[in-house]
Amino acid sequence: MTVFDRTEIESLVEPDRVHRRVYTDPEIFALEMERIFGRAWILVGHDSQIPQPGDWIRTSIGLRDVVMIRGADGAIRVLHNRCPHRGMTVCVPRAGGGRRLVCPYHGWAFDTAGKLLGVPQPGGYDEGFDPGEARRSMAAVARVESCRGFVFASLAAEGPTLAEFLGEISDTLDNFCDRAPEGEVEMVGAPLRQTFEGNWKLHMENSVDTVHPGFVHRSSVEAAQGFIAATGAAETADQSIQMFNANGFTLNEWDSTAIHGYDGGHVFMDGFYRGGIIDPDRRDPVFEDYKARMAAAYGEERMKRIFGRETFNNLVYPNLSFNTRFQQLRVIRPVSVDRTDVHSYVFRLRGAPEEMFHTAVKFVSTANSPASPVLADDLAVFEQLQQGLNSEGVEWIDLSRRSGREEPFGNRGARDRATSELPMRTMMGAWRRYMAAA
């Protein structure tokens, strides 16, 4: 493997452009797994996925296969999914539960903390064989912390705490949960899973790119506009029609909203859905019931503050995207330099009318499912982007739109009009810092 020095890494990202190798070089991808996914806090799951002691899910940190498990003591741990005997994957299904984890290869059994309980044919080992030795256990990930039920893990033994890492973007997680009258959300069902033949960063950048919808999603926009023109049902149209129509903003309309970035690489954009069931202040019996429950739980003023935080596609660097108002999250999972998995999850607001959950399911089906024309458009573009980046031509990718026009935001952030490429520059700034660190 090539040894990259700091100067070479830093030279790949300039203030308003990035070299195409950042997306195409397999050795740079390998370094990302070590220096970004090996150091940052990575979401591994939600505590509602493992409600009982012994419950576990199989998940990942970069390319590392891990298990998030609730111990017999109720604590949540993250273990490397590898048997210390011969290296076999211990937990093969996507989820399970029980008092023990048993390796399917040779039957070594571990407790919910990863400690070895016993082995078949113990007489075959030396008298000095001690199940209590750390090297006989399933290794634990260095650090695990949670924020409002969202469980993050870091492979780095030292570094910023989760609160320090999240900084002001933690308001997103608070708002996500505060929208539940009971202050908690629950992950429901398995994720929707898609794969595309492209680099993982392409999806993150696209999530906060407001110029592309009018071009990439033109077919669904025109279909929605045609339906509304023919029926005059802009406010009462199906939720999917309203969502497709919203992608038809003109660039001037997009610039009436703002986009924000923080030094840590986290970014978000203002909400832009208006009218009908996707309006932030819907006028229907279901939403009135929901507002009444929220007012009873929080009081009128706090309820207004919660609903007043109107954002869309909140990105936690390096690979997480939240949509607070529709209870969604997407985890972007790198597989190789030109292959990426996307897992989309939906949540229930505890204490809210069940119909609010149905709205969330409709959102994930319309925007993030294999049946979504919007996602199909995006995944096709990502694959064409990867092909273009691998071809000969200009070596640098331009990220200069509205460069230098940002204004300060928060403690260490910036904001600009929504058509700015500020989010891409923000994420690439974080990439450069992680990758160039010793």
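Reading the values: rules and limits
Residues numbered from 1 in each chain as written. Predicted model: local features only at pLDDT ≥ 70, side-chain atom pairs only at ≥ 80, totals over all residues. Heavy atoms only, no water. Helix = DSSP H or I, 4+ residues; strand = E, 2+ residues; numbered from the N terminus. Rg over C-alpha atoms; globule rule 2.2 N^0.38 Å. Buried < 20%, exposed > 50% of the residue type's maximum accessible area, 1.4 Å probe, protein only. Contact = heavy atoms within 4.5 Å. Areas by Shrake-Rupley, 256 points an atom, 1.4 Å probe, with all protein chains shown as cover. Lys, Arg positive; Asp, Glu negative; His and termini not counted. Charge placed at Lys NZ, Arg CZ, Asp CG, Glu CD. Pairing = 2+ DSSP bridges. Salt bridge = Lys/Arg side-chain N within 4 Å of Asp/Glu carboxyl O. Domains from an automatic or database assignment. Buried area = accessible area lost by both parts, 1.4 Å probe. Core = buried A, V, L, I, M, F, W, Y, C linked by side-chain atoms within 4.5 Å. Axes fitted to C-alpha atoms, helices over the stretch in contact; angles between N-to-C directions. Parallel < 35°, antiparallel > 145°, perpendicular 65-115°, else oblique. Left-handed = near helix turned anticlockwise from the far one by under 90°.

Engineer: Looking at this model, I keep getting lost on the overall build of the chain. Mind explaining?
Structural biologist: Looking only at helices and strands, one finds 15 helices and 22 strands in the chain. Taking 438 residues into account, the globule formula puts the C-alpha radius of gyration at 22 Å, and the chain, at 23 Å, falls close to it. Its C-alpha atoms give the chain principal-axis dimensions of roughly 80 × 55 × 40 Å. Out of the 438 residues belonging to the chain, those deemed buried represent 53%. Within the chain, residue pairs in contact and separated by at least 24 positions form 64% of the contacts whose partners lie at least 6 positions apart. When the accessible surface of the chain is split by element, carbon and sulfur atoms take 49% of a total near 19,100 Å². Of the charged side chains in the chain, 49 are positive and 60 negative, and the gap between their average positions amounts to 3 Å.

Engineer: When you look at the pairing of strand E6 (residues 76-80) in this model, what are you seeing that I'm missing?
Structural biologist: Looking at chain direction, strand E5 (residues 64-70) and E6 are connected through five bridges and run antiparallel. The partner of Val67 across the bridge, within E6, is Leu79. Counting the residues in the hairpin turn of E5 and E6 gives five residues, including Gly74, whose phi is positive at 90°.

Engineer: Mind showing me how you'd approach the pattern of salt bridges here?
Structural biologist: When the charged atoms of two side chains with opposite charge come close together, those side chains can pair. Under the counting rule described, the total for this entry stands at 27 salt bridges. The closest approach of N and O atoms between Lys201 and Glu32, which form a salt bridge, is 2.6 Å. Of this pair, Lys201 sits in helix H6 (residues 200-206) while Glu32 sits in helix H3 (residues 26-35), and the two are 169 residues apart along the sequence. Here the two residues Lys201 and Glu32 agree in accessibility, since each one is buried. Arg348 is the partner of Glu354 in a salt bridge, and the nearest nitrogen-oxygen pair spans 3.0 Å. Note on Glu354: relative accessible area 36%, which makes it partly exposed. With a relative accessible area of 23%, Arg348 lands in the partly exposed category.

Engineer: Looking at this model, I keep getting lost on the domain arrangement of the chain. Mind explaining?
Structural biologist: Many descriptions give the size of an interface as the accessible area lost when the pieces come together. Taken domain by domain, the chain comprises domain 1 (42-158) and domain 2 (188-436). A C-alpha centroid distance of 34 Å is found between domain 1 and domain 2. If you look at the interface, domain 1 gives twelve residues, while domain 2 gives 13 residues. Here domain 1 and domain 2 share an interface that buries about 900 Å² over both sides, 65% of which is from carbon and sulfur atoms.

Engineer: It is not clear to me how the nonpolar core should be interpreted in this structure. Could you clarify?
Structural biologist: Nonpolar side chains in soluble globular proteins tend to end up buried together. Phe150, Phe152, Leu166, Tyr273, Leu329 and Trp431 are the most contacted members of the largest nonpolar core, which has 99 residues in total. Residue contributions to this core peak at nine residues, all from helix H15 (residues 422-436). Both domains that meet at this core, namely domain 1 (42-158) and domain 2 (188-436), each give it at least three residues. Contact partners of Tyr273, with chain neighbours within four places excluded, come to Met243, Ala246, Ile278, Asp279, Pro280, Phe312, Arg325, Phe326 and Phe363. By size, the runner-up hydrophobic cluster in this structure holds 15 residues, among which are Val90, Cys91, Leu101 and Met138.

Engineer: What is the right way to look at the environment of Leu166 in this model?
Structural biologist: Structurally, Leu166 can be placed in helix H4 (residues 162-166). In this structure, the C-alpha to C-alpha distance between Leu166 and Cys147, residues 19 residues apart in sequence, is 9.6 Å. Excluding residues that lie within four positions of it along the chain, Leu166 makes contacts with Cys147, Phe152, Leu173, His266 and Val316.

Engineer: When you look at the packing of helix H9 (residues 239-246) against helix H13 (residues 354-367) in this model, what are you seeing that I'm missing?
Structural biologist: A pair of packed helices is captured by two measures, namely the crossing angle of their axes and the spacing between those axes. It is at 10 Å that the axes of H9 and H13 come closest, and there the two elements cross at 50°. Judged on the interaxial angle alone, H13 and H9 are oblique. When the axes of H9 and H13 are compared, the crossing they make is right-handed. Across from Gln239, Ser240, Met243 and Phe244 in H9, the residues of H13 making contact are Thr359, Lys362, Phe363, Thr366 and Ala367.

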